[in-house]
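# Inside the fold
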Amino acid sequence: EAMIVHAVASPYRERSHFDGQDLLENGGSRVAALRDGWLNRALASIGGSAPQAIALAQTAPLVLRGDNAITSWAPSRLPDADDSTIRRLQNLYADDEFFATRLEQALTSQGIAEGMNGMDKQRARGNEARQFGELMSVAARFLNADDGPTIAVVELGGWDTHANQGTSQGPLANRLAALDTGIANLRAGLGDAWQNSVVAIVTEFGRTVHVNGTRGTDHGTATAAILAGGAIQGGKVITDWPGLRDKDLYEGRDLQPTVDLRSVFKSVLSEHLNVPRGSIEDTVFPDSRAAPPLPDIIHS
């Protein structure tokens, strides 16, 4: 139920986190060439009257921004409003369709999220790894809800291990453990729906091949993407492996990219979410025909 796509990268070849993340999420070939996100553009072909995607974040990431409606939820940093305050807000907004609708949407979302396995929000706020695991449990609740979204986006930071990266222990190992816990929580929360699910785990760029002078790795180029879920034809690694000899490295320091990350996304969109191929090439990932979908990703 998992597949590794290795030596993969977006079209970005510089070393800025911000520009790399921009290109990963806008789906273009150049930084800042597109102002909306590729996943938002894909929503136009998925349909449905309710928002089909949710961001588990304080603000929606670029990949979900655009003309198509989405929703979002994040743990509140403030004390919960009491029932009396909620009723007064409902009365206040009763004659305003815009605010009344959004208040009801927020209350519905909060009702779904309140089954957070007894999450102690104060304790979780100080531990991003714990909070990520809890957010993945919440993502499962939203995806399983009646008329819930089809897609959820959750982010986990802290992968920029320039110093004291560690091996089986240390910051990188801690982040991998958090990721592992999050996926396990999502799988448990989805239940039977896991068999029809795809989880795409991607990053804006990789790490350098050689350790630097501060026992870490700097901004690299190619990396590994992970696909998981019952819908994946798993148990394999897909790669055109470039090798790790010095002469095989990109700019003498990085894993050479041989697979375009957009090829991975295209396969999931077309085979799993039934987005038409023409829409993918013309709208979702314009100017990307040199990056064809990967075959045999999803169970038929």
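Everything discussed here concerns the structure shown above.
Residue positions are given per chain, counting from 1 as you read along its sequence in written order. This being a predicted model, a pLDDT of at least 70 is required before a residue's local features are given, and a value of 80 or more before pairs of side-chain atoms are given or counted; all residues contribute to the totals for chains, interfaces and linings. Note: side-chain values were computed over all heavy atoms of the structure, leaving out hydrogens and water.

### So, the overall build of the protein chain
Under the convention used in this document: Per the convention used, a helix needs a DSSP run of H or I reaching at least four residues, while a strand needs a run of E reaching at least two, with both numbered from the N terminus. Note on classification: 1.4 Å probe, protein chains only; a residue is buried when its accessible area is under 20% of the maximum for its type, exposed when over 50%, partly exposed between these limits. Throughout, a residue-residue contact means that at least one pair of heavy atoms, one from each residue, lies within 4.5 Å. The Shrake-Rupley method, run with a 1.4 Å probe, gives the accessible areas here. Residue values count only the displayed protein chains as cover.
A tally of helices and strands in the protein chain yields 9 helices and 8 strands. Across the 300 residues of the protein chain, 41% fall into the buried class. Sequence separation of 24 or more characterises 67% of the internal contacts of the protein chain that already satisfy a separation of 6 or more. Total accessible area computed for the protein chain in this model is approximately 15700 Å², and 49% of it derives from carbon and sulfur atoms.

### Overview of helix H8 (residues 261-272)
The line we're drawing: Take the residue count of a helix, subtract one, and multiply by 1.5 Å to get its expected span. Pairs of N or O atoms within 3.5 Å make up the polar contacts considered here, provided that, within protein, one atom can donate a hydrogen while the other can accept it, and that residues adjacent in sequence are counted only when both atoms are side-chain atoms.
End to end, H8 covers 16 Å across 12 residues, agreeing with the expected 16 Å (1.5 Å per residue, within 8%). Within H8, 10 of the 12 residues are buried, which leaves the element mostly enclosed by the surrounding structure. All of the buried residues in H8 are Leu261, Arg262, Ser263, Val264, Phe265, Lys266, Ser267, Val268, Leu269 and Ser270. Buried-residue contacts for H8 involve strand S1 (2-9), helix H1 (17-26), helix H2 (38-43), strand S6 (223-228), strand S8 (259-260) and helix H9 (277-284). At the N-terminal boundary of H8, the capping side chain belongs to Asp260, with an oxygen 2.8 Å from the backbone nitrogen of Arg262. Asn274, located one to two residues past H8, shows a positive phi value of around 60 degrees.

### Things to note about the sheet that holds strand S4 (residues 151-153)
Filter applied, for reference: At least two bridges found by DSSP between two strands is the condition for calling them paired.
Spatially, S3-S2-S4 is the arrangement adopted by the 3 strands of the open sheet, whose pairing is parallel. Sheet topology places strand S3 (71-72) and S4 at the edges, where each strand pairs with a single neighbour.

### What to know about the packing of H8 against H9
Helix-helix packing is characterised by the crossing angle of the two axes and by the distance between the axes. This is how the line gets drawn: Helix axes are fitted to C-alpha atoms over the stretch in contact, other axes to C-alpha atoms as well, and angles between N-to-C directions run from 0 to 180 degrees. Reported orientations rely on four angle classes, namely roughly parallel under 35 degrees, roughly antiparallel over 145, roughly perpendicular from 65 to 115, and oblique for the rest. Crossing handedness is read from the near helix: turned anticlockwise from the far helix by less than a right angle, it gives a left-handed crossing, and turned clockwise, a right-handed one. Side-chain classes follow a simple rule in which Ala, Val, Leu, Ile, Met, Phe, Trp, Tyr, Cys and Pro form the nonpolar group, Asp, Glu, Lys and Arg form the charged group, and the remainder, Gly included, forms the polar group.
Look at H8 against H9: their axes get within 9 Å of each other, and the N-to-C directions meet at 140 degrees. Classified by the interaxial angle, the pair formed by H8 and H9 is oblique. Where H8 crosses over H9, the handedness of that crossing is right-handed. Where H8 abuts H9, its residues Lys266, Leu269 and Ser270 lie against Arg277, Ile280, Glu281 and Val284. Class assignment for the residues of the contact of H8 with H9 results in 3 nonpolar, 1 polar and 3 charged.

### Description of the pattern of salt bridges
Think of it this way: side chains of opposite charge can pair up when their charged atoms draw near. Note the threshold: By salt bridge we mean one thing: a side-chain nitrogen of Lys or Arg within 4 Å of a carboxyl oxygen of Asp or Glu.
Using the criterion set out here, one finds 11 salt bridges in the structure. A salt bridge links Asp254 to Arg15, with the nearest nitrogen and oxygen atoms 2.7 Å apart. Separated by 239 residues along the polypeptide, Asp254 in the loop between strand S7 (236-238) and S8 and Arg15 in the loop between S1 and H1 bring together distant segments of the chain. Since its relative accessible area comes to 24%, Arg15 is described here as partly exposed. With a shortest N-O distance of 2.9 Å, Asp248 and Arg245 are connected by a salt bridge. Where salt bridges share partners, they join Arg15, Glu251, Arg253 and Asp254 into one cluster.

### Focus on a nonpolar patch on the surface
Our working definition: The residues that make up patches have over 30% relative accessible area and no salt bridge, and they are joined within 9 Å when like-charged or within 5 Å when they are Val, Leu, Ile, Met, Phe, Trp or Tyr.
Taken together, the side chains of Val209, Trp241 and Leu244 define a hydrophobic patch exposed on the protein surface, amounting to about 270 Å² of accessible area. Tracing the backbone shows Val209 in the loop between strand S5 (199-201) and S6.

### Re the nonpolar core
Our working definition: For this analysis, a nonpolar core means a set of buried residues of the types Ala, Val, Leu, Ile, Met, Phe, Trp, Tyr and Cys, connected via side-chain atoms within 4.5 Å.
One finds Trp38, Leu39 and Leu269 to be the most contacted residues of the largest nonpolar core, which totals 33 residues. Looking at this core, the elements with two or more residues in it are S1, H2, strand S2 (53-55), S4, S6, H8 and H9. Of the residues forming this core, the biggest block, 5 residues, is contributed by H8. Not counting the four nearest positions on each side in its chain, Trp38 is found in contact with Leu24, Glu25, Asn26, Gly27, Val63, Phe265, Leu269, Val284 and Phe285. Counting 20 residues, the second largest nonpolar core, distinct from the first, contains Leu56, Met136, Ala178 and Ile183.

### Some remarks on unusual backbone geometry
Keep in mind that most residues, glycine aside, have a negative phi and that most peptide bonds are trans. Notably, Asn164 is not glycine yet its phi reads approximately 50 degrees, a positive angle. In this structure, Asn164 sits in the loop between S4 and helix H7 (171-190). Residue classification places Asn164 among the partly exposed residues on the basis of a relative accessible area of 42%. The phi dihedral of Glu251 falls on the positive side, at around 55 degrees, and the residue is not glycine. Position of Glu251 relative to the elements: it lies in the loop between S7 and S8. Since its relative accessible area comes to 53%, Glu251 is described here as exposed.

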